[in-house]
Structure formats: C-alpha cells, structure tokens
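# Examining the three-dimensional arrangement
The primary structure of each chain is shown beneath.
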Amino acid sequence: MKKTVLFIAAVALLAFTGTAMADINIKLAVVTKPGSAQNIVAAKFEELIAQRSGGNISVKVYHSASLGNETEILQQIQMNTIQMAVITGGPFDTFDPIVRVVSYPFLLKDYAQADAILDGPLGAEILKSLERSKIKGLCFSENGFRNLSNNKRPVNTPEDVKGLKIRVMSSTIHKSIWQALGANPTPMPWPIYTELEQGVIDGQENPLWVMEVYKFYEIQKYMTMTRHVYSCHIDVASLDWWNSLNPADQALIQKTIHDAAVFERQDNRSKNAARLAMLKEKGMQIVENPDIQAFRARVADLKNLDLYSDPQVKALLEKILDAT
Ligand code: PAF
C-alpha cells in the first residue's frame, strides 16, 4: 500500500513538473560575439519567447562560433543537433543556390527596399526554398550594407582594389564579386582579426557594426563606403525539429523571431551615424563617396554567370532587379 502511494505521488510530480518546466528547449547558435547583430536578435528572441510562452519555451544562445563556423552550424541545423541559428546570407549559397540572389551586388539600394523585398513574397520564396535542404527559413534580420576596409591604400575606384587580398565569406557569389573587381578574394570563416593583424589578408568587407564591435579600426587604416551588398542574416530552424512542434508553438516562435529581427534592424540603423563618426575619430581614413558607377560597371555581368543559370534562381533575380 505504502509503495503504491509513493508510486502515484511520483507520477503526479512528474506530470506536474513536466508542465511547469520549459517544454521546449532551443539551442540557438551564432558565430559572432555579444553586441553583434546576430546576438542582438538572439538575445531579444530569448527574452521575448520566455515572456510570451510563460517560461515554456527556453533558449540557450551559443555564441562566438562555439558550435562551429556558419557552414558547420547549418549542417547541424540539418541534423537537428542545433534547433535554431542566425546565419549570414553568404554561406547559404552552397546549401541552396536561391540565396545567391540576395547577395547579388548593388541589388537592394536602401533599407526600405530591403524590408519590402525580404519581408514580402520574394523573400518568402527564398525562405520556403530552404526546406529542400532540411532548413526552415523563418525570417530575415540585418547584417547591413557591406563596405570595404584594407590596410594598404585608400580605395576610390576599382583600379585601387587591384591585387588586394580580401577575405570573403564562404560564398560563390561573394568570391565572384571580388574577382570581378580585380581583388584576390580569399574565403575564410569568421572571425578574422588575427589574419588581418598578421597581414595574412590585406582587407575585408563588412557592415559598420563589425568595424566597431571587432575593433577593426585598430588594424585597418582605410575604409571605403562601397555598400556593394545589402547583407542579410537568415534566421533559421531545423526543419525536422520544426515539424515536431505543434502549430501554436510554431506560430509563437515565428512571430517572436520576426519581432526580434525588426527590433535588431532598427537598433542597427539607429547606430550607424555614430559608428562612422567613431571610426573617423579613431583615425581611419574613410572614402565616403567612391566612384560607385565604376564599381557597378565591373560587376554588371555577374548575372550571366553559371551561378545564376538555374531557372528558378534566374527568374527570382530578374523579378527583384525589376522591382528595385
Ligand atoms: O563576414 C562575415 O562572415 C559576416 O558578415 C559576419 C561578420 C559573420 C556577420 O554576419
């Protein structure tokens, strides 16, 4: 009798704690450190989802590439050993060619266009396509307009880029852009401070927040506001994990990650003027008005590359080019 009572009490306790504790535990990975754009999305999502789910959904953020580089994180997302991640558009293009479209040079010209395209049906087509790679695309957050920095010389025109060893992401289109511009593009996973410091590479290209958070002003003398790609982050989940959730949890996670992304985009945009002023104060020589027409002319033919020969990819690129 005593044993039966104990057994019933244990079962009741298990049932109780099962509903009282977090039901869904999410491992969320990013390669950047706290204060970075990805981390701002991740931290906001962690905070909002805990509030909105009454503690039933909990997130643990793994930052600074502690679970691997962006390609390795995406592989773990496919296997559902990581449930969610915020990943730069670039490294996706070896998983699905459709993502090459968003890295096309000089495609999105301002924030209004970026939001309209990426939050609209064309962005939705890109997110949906990732499902064939076992990745659930949830929404886009912002990395920002990419600018070139280097330690050799001021860059005003593509002629000045000639021969510079520029680190690029593991991305076919990013490599092609810098080849077309005459640089010597060198793919390398993040982070890259030591390689810049030791002169293994002459330069890199990234949005202003990177120059600030990673203190590149300490080791890069020159920056040019090339704004050659509006770089997005794609906020993703493991498709297998996603399919195991009930529709209410899916809807809550989907809305909350989008709210976190919108929060981060505004945060990023509001800080850029101060970042530019700070970089000048730190002694960087900044070319604010390079010969953009000359840069555009050098990359004008990239849509004819094999990279864009897939009919869906080609059609989507044309649609976005028409809309922007
Ligand atoms: O250059 C990169 O790898 C990315 O832009 C970074 C810095 C990881 C942010 O997304």
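Residues numbered from 1 in each chain as written. Predicted model: local features only at pLDDT ≥ 70, side-chain atom pairs only at ≥ 80, totals over all residues. Heavy atoms only, no water.

### Concerning the pattern of salt bridges
Applying the stated rule across the entire model yields 20 salt bridges. As a salt-bridge pair, Arg-275 and Glu-212 come within 2.9 Å of each other at their nearest N and O atoms. Residue Arg-275 is located in helix α10 (residues 247–281), and its partner Glu-212 is located in helix α8 (residues 208–213); the two are separated by 63 residues in the primary sequence. For Lys-255, the salt bridge identified is with Asp-259, shortest N-O distance 2.9 Å. Of the two residues, Lys-255 and Asp-259 are both situated in helix α10; the distance of four residues between them amounts to about one turn of the helix. Relative accessible area serves as the criterion here: at 21%, Asp-259 is assigned to the partly exposed category. Connected via shared salt-bridge partners are Asp-115, Asp-119, Glu-142, Arg-265 and Arg-269. (Salt bridge = Lys/Arg side-chain N within 4 Å of Asp/Glu carboxyl O. Helix = DSSP H or I, 4+ residues; strand = E, 2+ residues; numbered from the N terminus. Buried < 20%, exposed > 50% of the residue type's maximum accessible area, 1.4 Å probe, protein only.)

### A closer look at helix α12 (residues 311–323)
For α12, with 13 residues, the first-to-last C-alpha span of 18 Å sits near the 18 Å given by 1.5 Å per residue. If you check which residues of α12 are buried, you get Val-313, Leu-316, Leu-317 and Ile-320. Taken around the axis of α12, the buried residues stretch over an arc of 100°, which confines them to a single face. Opposite its buried face, α12 presents the exposed residues Pro-311 and Asp-322, each directed more than 90 degrees away. (Expected span 1.5 Å × (residues − 1). Arc of directions from axis to C-beta.)

### Considering the packing of helix α5 (residues 121–129) against α12
The description of two packed helices rests on the angle between their axes and on the distance between the axes. Following both chains from N to C, one finds α5 and α12 inclined at 155°, their axes separated by 11 Å at the closest point. One finds that α5 runs roughly antiparallel with respect to α12. Once α5 is placed against α12, the crossing between them reads as left-handed. Together, Leu-122, Glu-125, Ile-126 and Ser-129 of α5 and Gln-312, Leu-316, Lys-319 and Ile-320 of α12 make up the contact between the two elements. (Axes fitted to C-alpha atoms, helices over the stretch in contact; angles between N-to-C directions. Parallel < 35°, antiparallel > 145°, perpendicular 65-115°, else oblique. Left-handed = near helix turned anticlockwise from the far one by under 90°. Contact = heavy atoms within 4.5 Å.)

### Remarks on unusual backbone geometry
Negative phi is the rule for most residues except glycine; trans is the rule for most peptide bonds. Residue Pro-191 follows Trp-190 across a cis peptide bond; omega there is 5°. Phi at Lys-215 is positive, roughly 55°, even though this residue is not glycine. Following the sequence through the fold, Lys-215 ends up in the loop between α8 and β9 (222–224). On the basis of relative accessible area, Lys-215 is assigned to the partly exposed category, the value being 41%. Phi angles above zero are rare outside glycine, and Arg-227 is one such case at about 45°. Of note, Arg-227 is situated in the loop between β9 and β10 (230–238). Using a relative accessible area of 36% as the deciding quantity, one classes Arg-227 as partly exposed.

### Description of the site of the ligand
Around the ligand sit Val-31, Gln-38, Thr-88, Asn-143, Arg-146, Arg-167, Met-169, Trp-190, Asn-206, Trp-209 and His-233, and that is every residue in its neighbourhood. In this structure, an oxygen atom belonging to the ligand sits 2.6 Å away from a side-chain N or O atom of Arg-167. Here Asn-206 contributes a side-chain N or O atom positioned 2.6 Å from an oxygen atom of the ligand. Protein chains bury 99% of the 290 Å² of accessible surface belonging to the ligand in isolation. By residue class, the composition of the shell around the ligand is four nonpolar, five polar and two charged. (Near = heavy atom within 4 Å. Polar contact = N/O pair within 3.5 Å; in protein donor to acceptor, adjacent residues only side chain to side chain. Areas by Shrake-Rupley, 256 points an atom, 1.4 Å probe, with all protein chains shown as cover. Nonpolar A, V, L, I, M, F, W, Y, C, P; charged D, E, K, R; others polar.)

### Quick notes on helix α4 (residues 111–118)
For an α-helix the count is 3.6 residues per turn, leaving residues at separations of three or four pointing the same way. Buried within α4 we find Gln-113, Ala-114, Ile-117 and Leu-118. With its buried residues spanning 110° around the axis, α4 presents them on a single face. Among the exposed residues of α4, those oriented more than 90 degrees off its buried face are Ala-112 and Ala-116. The elements touched by buried residues of α4 are α5, β4 (135–145), β10 and α12. Where α4 begins, one side-chain oxygen reaches toward the backbone nitrogen of Ala-112, 3.3 Å away; that side chain belongs to Asp-110.

### With respect to the packing of helix α2 (residues 37–52) against α10
Packing of α2 against α10 brings their axes to within 8 Å, and their N-to-C directions diverge by 140°. Taken together, the axis directions place α2 and α10 in an arrangement best described as oblique. The way α2 lies across α10 gives a crossing that is right-handed. The residues of α10 that touch α2, namely those facing Ala-37, Ile-40, Val-41, Lys-44, Phe-45, Leu-48, Ile-49 and Arg-52, are Leu-252, Ile-253, Lys-255, Thr-256, Ile-257, Asp-259, Ala-260, Ala-261, Phe-263, Glu-264 and Asp-267. A breakdown of the residues in the contact of α2 with α10 according to their chemical character gives twelve nonpolar, one polar and six charged.

In short, geometric facts, not functional conclusions.
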